[in-house]
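Inside the fold
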Amino acid sequence: MYVKSLIEKYPDVEVRVFRGGENVGVNPKINNMIPAYKASKYSLLLVSDSGIKMKEDTLSDMVLAMKENVGLVHQMPYTCDGAGLPSTLEKVYFGTFHARIYLTSDLFGVNCATGMSALMRKELLDNAGGFQAFGCYLAEDFFFAKAILEQNYKLAISTQPAAQNSGNASVSSFQNRISRWIKLRSAMVPHTALLEPFSECMLSGALAALSSYILFRTDPICFYLVHILVWFISDWILIHIVQNGNLPFNKFEFLVMWMFRECGAPYLFLHAILNPAIRWRTLEFKLKWGGKAEPLPARTNKNIIIKDPATIKFSKPEELCPLPLHVIN
């Protein structure tokens, strides 16, 4: 109904809407987008998750960032304002740790693109084999960017973050999501995954305090507390910059969720490394080195297969709106 209202609001824009997909790999998102990708005819292609809240000028901002030497423009993940501690936890994570790593990676030219909102040159994707060539990966966004970089194009970040608008935020779903991302990074870029724990406040502070004590005989407890305080203040400043406005929580709520996330980060990392199988919604996958995924049958406690991903079939792709051709998927 919402898409239909947009079509009626902009009758001069060519639109085609598709339902259904094609089974070209293990990635459900790629399978779902294949019919729209094959029907697309314009030079720029936008992939945007349904949970992303777009402003009226977001697409214009991304197009402006698409310079001649840029092949992919992506948005830094962030969240919409929400009520409750789970929403606060998500905003604290994406506005501090994730923002710090994301922006630093982009500064040094490291591939950090996420596919929740990305504008790409279709020609470059066609050169890499099209969407179907990425169906064997769960982290298709990373390999989109990798294929574009290999064609001597650059990546760029939009000035507007991708505002994730989750309707059912919970601590467990957040932790499962972060754990899944850690597993993906460990399979795709294991050398950076090994360094990831040392980028966390608590572990890096402990090592710095120990080093300072050995080298300069400083008080390690005092050093550690000052380190945490400086890190906390820096994150408080960073999340205000990313938010670009008033935060929906006070300093105490930020402190509680910040401490919860920082103290829980080592546990999440170890849990992800020790349990490498990835569960994505109702399916489970095994990752191979390099990022390729292999679907695993879902079984009961008695080892009875109840769902085999290899047997999943998509309904025949169906065009819901017989108008000419700008793709919304």
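As a reminder, the structure under discussion sits directly above these lines.
Throughout, a residue's number is its position along its own chain's written sequence, starting from 1. Restriction of local features to residues with pLDDT of at least 70 applies here, the model being predicted, together with a cutoff of 80 or more for giving and counting side-chain atom pairs; totals for whole chains, interfaces and linings are based on all residues. Think of the side-chain values as coming from all heavy atoms in the structure, minus any hydrogens and water.

It is worth spelling out the sheet that holds strand E6 (residues 117–121) at this point. In spatial order, the strands read E2-E6-E4-E7; together these 4 strands make up an open sheet with mixed pairing. Among the strands making up the open sheet, the edge pair consists of strand E2 (44–48) and strand E7 (154–157). Neighbour-to-neighbour, the strand axes of the sheet open up by a mean angle of 20 degrees, direction not taken into account. For two strands to be treated as a pair, DSSP must find at least two bridges joining them. Every helix listed is a DSSP run of H or I at least four residues long, and every strand listed is a run of E at least two residues long, numbered separately from the N terminus. By the bridge criterion, 4 bridges tie strand E4 (residues 70–74) to E7 in an arrangement that is parallel. Counterpart to Val70 in the pairing with E7 is Lys154. Comment: axis = line fitted to C-alpha atoms, over the contacting stretch for helices; angle = value between 0 and 180 degrees taken between N-to-C directions.

This brings us to helix H8 (residues 171–188). With 18 residues, H8 extends 26 Å between its outermost C-alpha atoms, agreeing within 8% with the 26 Å of an ideal straight helix rising 1.5 Å per residue. When a residue's accessible area, from a 1.4 Å probe over protein chains only, is under 20% of the maximum for its type it is buried; when over 50% it is exposed; and in between it is partly exposed. Listed as buried for H8 are Phe174, Arg177, Ile178, Ser179, Trp181, Ile182, Lys183, Leu184, Ser186, Ala187 and Met188. Multiply 1.5 Å by the residue count of a helix minus one, and that product is the helix's expected span.

Two strands in a sheet stick together by hydrogen bonds in their backbones, pointing the same way (parallel) or opposite ways (antiparallel). The strand order across the open sheet formed by 3 strands is E9-E10-E11, and the pairing between neighbours is antiparallel. If you trace the sheet from one side to the other, it starts and ends with strand E9 (278–280) and strand E11 (293–296), each paired once. Ignoring strand direction, the axes of neighbouring strands in this sheet form an average angle of 35 degrees. Pairing analysis gives 4 bridges linking strand E10 (residues 283–287) to E11, with the strands arranged antiparallel. Residue pairing across strands places Phe285 opposite Pro295, the latter belonging to E11. We call two residues in contact when some of their heavy atoms are within 4.5 Å. Running over the sheet, H8 touches E9 and E10 and is turned about 130 degrees from E9.

Moving on, we come to the pairing of E4. When a strand is regular, its side chains alternate between the sheet's two faces. The element E4 is extensively covered by neighbouring structure, given that 5 of its 5 residues are classed as buried. Pairing of E4 with E6, which is carried by 3 bridges, proceeds in the antiparallel orientation. Of the residues in E6, the one forming a bridge with Leu72 is Met120.

Most of helix H7 (residues 140–149) sits out of view: 8 of its 10 residues are buried. All of the buried residues in H7 are Glu140, Asp141, Phe142, Phe143, Phe144, Ala145, Ala147 and Ile148. On its buried face, H7 is in contact with helix H2 (28–39), E4, E6, helix H6 (122–127), E7 and H8.

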